[in-house]
Protein chains: 2
Amino acid sequence: MMIDGYVSQTGVGDVDTVARALSMMREASQLERLLDAYFSSHNLSQLKFHILIVIDREPDKDSLRQSEINQRLDVSKPVLHRTVTSLLKSGLLVCRDDPEDSRAHRLALTDEGKTMLAAILPGYFKTISGFMREQP
Amino acid sequence: MMIDGYVSQTGVGDVDTVARALSMMREASQLERLLDAYFSSHNLSQLKFHILIVIDREPDKDSLRQSEINQRLDVSKPVLHRTVTSLLKSGLLVCRDDPEDSRAHRLALTDEGKTMLAAILPGYFKTISGFMREQP
DNA sequence: GGTTATTAGTTATCATGATAACTATAGAGG
DNA sequence: CCTCTATAGTTATCATGATAACTAATAACC
């Protein structure tokens, strides 16, 4: 919209690259909104979904510590804690004591959590595919 | 990371498209973070910057109503109000009564606001160009 | 010209992200 | 063993986005 004047005025970088970056950010934020709307229609959020996914996708284990989830997802500890608490409360996760470390817990999907994940995934990918198909 | 299994399991859309969308969102969020860090090092935010820009870029006028800014930027009224209030308080904007509508105000850049914008733009575009150059 | 609808701005409340600072436990080094 | 450090989780506080519901003023319509 208003890129041209400024980039040429400031003489930093080239106009096309900046325009491409801005349009990428706009596209991404549109898709994020679609996904947020989709998740919230199932009483979830992107982060809640990602938490369920990383536990479900973990090879060899069926549970993860909060700190392990933290290593896999790019989110701060307090936000993860708050969100895990909410997932426990809504019954999608269960929490067991970690036998090897009394500070830690192991978080696992409940049957309800697995059902939710299975129910939500098709629409998730459909939302993404549909959006990408519409892009010019 | 974990796309393959799921997309093929669910049979919705194609894997490459979904992977492309996810990587676009990741890229965009990285760039957003860089920009947020840049703005906050100048005591600004992306939204504050955009507000200054749309007022500065407006042809034929040197001020805008809040509602006009709202039409140009994709942000809710209360958030815009809160952010404009903060820009007024920090002296980058001034507020005058609108002679044609006693409900409205006209928001204009102060000299300090213009100076800030001029000071910040080169780094803004440099940040974007630099990021795009690094992308694989 | 008086009712009704729209619009400009504001307030209250909530959601979801962050950092800083805390407690409690584990682990390492002497 | 006893400190000292690092790690797991928690709490408090703040930033920045949203919606719903409000006030006051304008515009539209008999």
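Everything numeric in this text was worked out from a predicted model, so none of it was measured. (Residues numbered from 1 in each chain as written. Chains lettered and ligands numbered in written order. Predicted model: local features only at pLDDT ≥ 70, side-chain atom pairs only at ≥ 80, totals over all residues. Heavy atoms only, no water.)

1. With respect to the side chain of Asn 70 of chain B
Residue and element names in this part refer to chain B. Quick reminder of the rule: In DSSP terms, a helix is any run of H or I states spanning at least four residues, a strand is any run of E spanning at least two, and both are numbered starting from the N terminus. Between buried and exposed lies partly exposed: a residue is buried under 20% and exposed over 50% of the maximum accessible area for its type, with that area taken using a 1.4 Å probe on protein chains only. It only takes one pair of heavy atoms within 4.5 Å for two residues to be counted as in contact.
By the element assignment, Asn 70 lies in helix α4 (residues 66-72). For Asn 70, a relative accessible area of 17% translates into the label buried. In this structure, Asn 70 is in contact with Val 75, Ser 76, Lys 77 and Leu 80, ignoring residues within four places of it in sequence.

2. Re the nonpolar core
As a reminder of what qualifies: For our purposes a nonpolar core is just a set of buried Ala, Val, Leu, Ile, Met, Phe, Trp, Tyr and Cys residues, chained together by side-chain atoms within 4.5 Å.
Within the largest apolar cluster, 75 residues are counted, with the highest numbers of intra-cluster contacts made by Ile 51 of chain A together with Ile 51 of chain B. Those residues in contact with Ile 51 of chain B, other than ones at most four positions away along the chain, are Ile 69, Leu 73, Leu 80, Thr 83, Val 84, Leu 87 and Leu 93 of chain B.

3. Describing unusual backbone geometry
Of note in this structure, Asn 43 of chain A is not a glycine but carries a positive phi near 60°. Take Asn 43 of chain A: it is sitting in the loop between α2 (15-40) and α3 (46-57).

4. Quick word on the protein's contact with DNA strand C
For clarity, the threshold we go by: When we say a residue is near a molecule or strand, we mean one of its heavy atoms is within 4 Å of it. Here a polar contact is recorded for every N or O atom pair within 3.5 Å, except that within protein the pair must consist of a potential hydrogen donor and a potential acceptor, and residues adjacent in sequence are included only if both atoms are side-chain atoms. Polarity classes work like this: nonpolar for Ala, Val, Leu, Ile, Met, Phe, Trp, Tyr, Cys and Pro, charged for Asp, Glu, Lys and Arg, and polar for all others, with Gly in that last group.
Close to DNA strand C lie 18 residues, the nearest being Ser 102 and Arg 103 of chain A together with Ser 67, His 81 and Arg 103 of chain B. In the environment of DNA strand C, a phosphate oxygen lies 2.7 Å from a nitrogen or oxygen atom belonging to the backbone of Ser 67 of chain B. Listed by contribution, the elements that provide at least two residues to the surface near DNA strand C are α5 (77-89) of chain A together with α4 and α5 (77-89) of chain B. Split by residue class, the surface near DNA strand C holds 6 nonpolar, 7 polar and 5 charged.

5. A closer look at the packing of α2 of chain A against helix α2 (residues 15-40) of chain B
As a reminder, the rule being used: In this analysis, axes come from line fits to C-alpha atoms, helices being fitted only over the stretch in contact, and the angle between any two N-to-C directions falls in the range 0 to 180 degrees. For classification, angles of less than 35 degrees are called roughly parallel, those exceeding 145 degrees roughly antiparallel, those between 65 and 115 degrees roughly perpendicular, and all remaining angles oblique. By definition, turning the near helix anticlockwise from the far helix through less than a right angle yields a left-handed crossing, and turning it clockwise yields a right-handed one.
The interhelical angle for the contact between α2 of chain A and α2 of chain B, taken along N-to-C directions, is 115°, at an axis separation of 9 Å. When the axes of α2 of chain A and α2 of chain B are compared, the pair comes out roughly perpendicular. The two elements α2 of chain A and α2 of chain B cross, and the hand of that crossing is left-handed. For the pair formed by α2 of chain A and α2 of chain B, the contact residues are Ala 21, Met 24, Met 25, Glu 27, Ala 28, Leu 31, Glu 32 and Leu 35 of chain A on the first element and Ala 21, Met 24, Met 25, Glu 27, Ala 28, Leu 31, Glu 32 and Leu 35 of chain B on the second. Residue composition of the contact of α2 of chain A with α2 of chain B, by class: 12 nonpolar, no polar and 4 charged.

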